[in-house]
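Given next are the chains, with one letter for each unit.
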Amino acid sequence: MMKVRTRYAPSPTGFMHVGNLRTALYEYLIAKSQGGSFVLRIEDTDRERLVEGAVDVIYNTLKIAGLKHDEGPDIGGDYGPYVQSERKDMYLPYAMKLIEEGKAYRCFCSKERLEKIQNENVGGGYDRHCRDLPQEEIDRLLAEGVPYVIRQKMPTEGSTTFVDAVFGEITVDNSELQDQILIKTDGYPTYNFANVIDDHTMGITHVVRGCEYLSSAPKYNLLYEAFGWEVPTYVHLPLIMGKNEDGSVSKLSKRHGATGFEDLLKEGYLPEAIINYIALLGWCPADNQEIFSLKELEQVFSADRISKSPSVFDYDKLTWFNGEYIRRMSLEEFTEHCMPYYKEFFGDKEMPWEKLSAILHQRVTKFTQIPEMVDFFKEIPEYDVSMFVNKKSKTNMENAPVMLKAVYDKLSSLESWTQEAIHDALISLATELGVKNGTVMWPARISVAGKTVTPGGAVEILDILGREESLKRMEAGLAKFE
Ligand code: GLU
């Protein structure tokens, strides 16, 4: 059997949309699941669309996402060069060959003429004026140095059928097809032509791309046929949609949320979670498993489980995945990931970082939530004395200051300020006073956090704040009752 070779062929035109990343991921998985090679090819033929720095974005994304390519511009390989602009002299001979075989022709039509027929023949396209020029005429025009493009002679009758692994058999009437340009007046290939020549000469077996290319597939097919080359397996991927506020869906765009890989990272999503989620956008495993490492995906992925119905990018679901990945980290790993967010928020202030992480680990689903969750450690917010009243904890305006004063007295005489000692002191205080634990804990927590919802309870917060700061905050809390 032929060795599977897939290629990711991005055009360096900007940021990495999740749709592009999914294409790269599926190319990678189709190759890896079958022991094949995953090739990176930079398609920079459309010079006007190039964006500075976009190639670096591609390398960076593949690296962070863990999609290691086996061949590419940076690492070489047997099928190079891997950048289209460096292959630019390879294409013309192929077009010349088609001319010799009567499957392509030189078109000398001027821009003015093309514009004129465009206006007269709206939507009808090129009228094939040069398709059957007599040889003497061609020789004369060539001798005069009239510029020309090379067009493919498309069949004018019958139909073309191609098979897509996802969308099935698709047939188009040949009468709808234009005599497509293969080589432009400057001698360089059009994008479609370069793409086909590259895929063939690089031995690509599976072409994975977004379904926006589905309508061009017959043109590609006819090129393979003209050369007598084997057509690769086409795998067109379904659209990715976004949920609108009114419940409808439309093509995923910035108004739905972050759509670029880097932006998602900035929003606090882990690369592993993004990759896991994206893998399931259009593909499903044979069972109900949802959490997959890249290694696992490499084992179980198969193109025949890709769906053709559009998939909806659900940010809540991605957040759920992210939370799952966060909880699977060790506390140490989690702390490491939190560190940049801590440093950004706390500046030079030193905190017992691992203890802080311990109360966040089960609660955080996105790292960007951290500042808001820990803000009260930096500075206690302005809060109203009414916060001390809580039905469930059985606290009211009468008993709350009494409880708080008792906590204050108990803790100020505590010998060692450890979580265990604080815990034991508060529990025994509740017993001594004959009240629920909560009746003691609630006022304590409000006085040191100034918030009703906090990661961690009174004990953890007191421990993290330390003796001095805790007592100071409790004094301020007591003062509110005066
Ligand atoms: N260069 C094309 C793009 O970035 C890829 C087309 C293909 O994969 O065939 O959309």
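Residues numbered from 1 in each chain as written. Predicted model: local features only at pLDDT ≥ 70, side-chain atom pairs only at ≥ 80, totals over all residues. Heavy atoms only, no water.

(A) Just the pairing of strand S5 (residues 159–164), in detail. On S5, burial follows the alternation: Thr160, Phe162 and Asp164 on one face are buried, whereas Ser159, Thr161 and Val163 on the facing-out side are not. Sheet topology note: the S5/strand S6 (residues 168–173) ladder contains 6 bridges and is antiparallel. The residue bridging serine 159 from the neighbouring strand is aspartate 173, located in S6. (Buried < 20%, exposed > 50% of the residue type's maximum accessible area, 1.4 Å probe, protein only. Helix = DSSP H or I, 4+ residues; strand = E, 2+ residues; numbered from the N terminus. Pairing = 2+ DSSP bridges.)

(B) Representation of the sheet that holds strand S3 (residues 104–107) within the structure. The strand order across the open sheet formed by 3 strands is S3-S4-S7, and the pairing between neighbours is antiparallel. Looking at the sheet topology across the chains shown, the edges are occupied by S3 and strand S7 (181–183). Strand-to-strand, the axes of this sheet are offset by a mean angle of 40 degrees, without reference to chain direction. Taken together, the 4 bridges between S3 and strand S4 (residues 149–152) define a ladder with antiparallel strand orientation. From the neighbouring strand, cysteine 107 faces S4, where its bridge partner is valine 149. (Axes fitted to C-alpha atoms, helices over the stretch in contact; angles between N-to-C directions.)

(C) Main features of the UniProt feature "binding site: Zn(2+)" (unreviewed entry) in the protein chain. Mapped onto this numbering, the UniProt entry annotates "binding site: Zn(2+)" (unreviewed entry) at Cys107, Cys109, Cys130 and Asp132. Spatial clustering of the annotated residues is evident: they stretch over 26 residues in sequence, but the largest pairwise C-alpha distance comes to 12.9 Å. For cysteine 107, the position within the fold is in strand S3. By relative accessible area, which is 2% here, cysteine 107 ends up buried. (UniProt positions renumbered as here; feature names shortened; annotations may be inferred.)

(D) Molecular detail of the pattern of salt bridges. Here the structure, examined in full by the defined rule, presents 29 salt bridges. Across the pair arginine 49 and aspartate 46 runs a salt bridge, and its minimum N-O distance is 3.7 Å. With a shortest N-O distance of 3.9 Å, aspartate 263 and lysine 266 are connected by a salt bridge. Residue aspartate 263 and its partner lysine 266 are both found in helix H8 (residues 261–266); the two are separated by 3 residues, about one turn of the helix. Its relative accessible area of 27% is what places aspartate 263 among the partly exposed residues. What makes lysine 266 exposed here is its relative accessible area of 61%. A cluster of three or more residues bridged by salt bridges with shared partners is formed by Arg7, Glu27, Arg41, Glu43, Arg87, Asp198 and Asp199. (Salt bridge = Lys/Arg side-chain N within 4 Å of Asp/Glu carboxyl O.)

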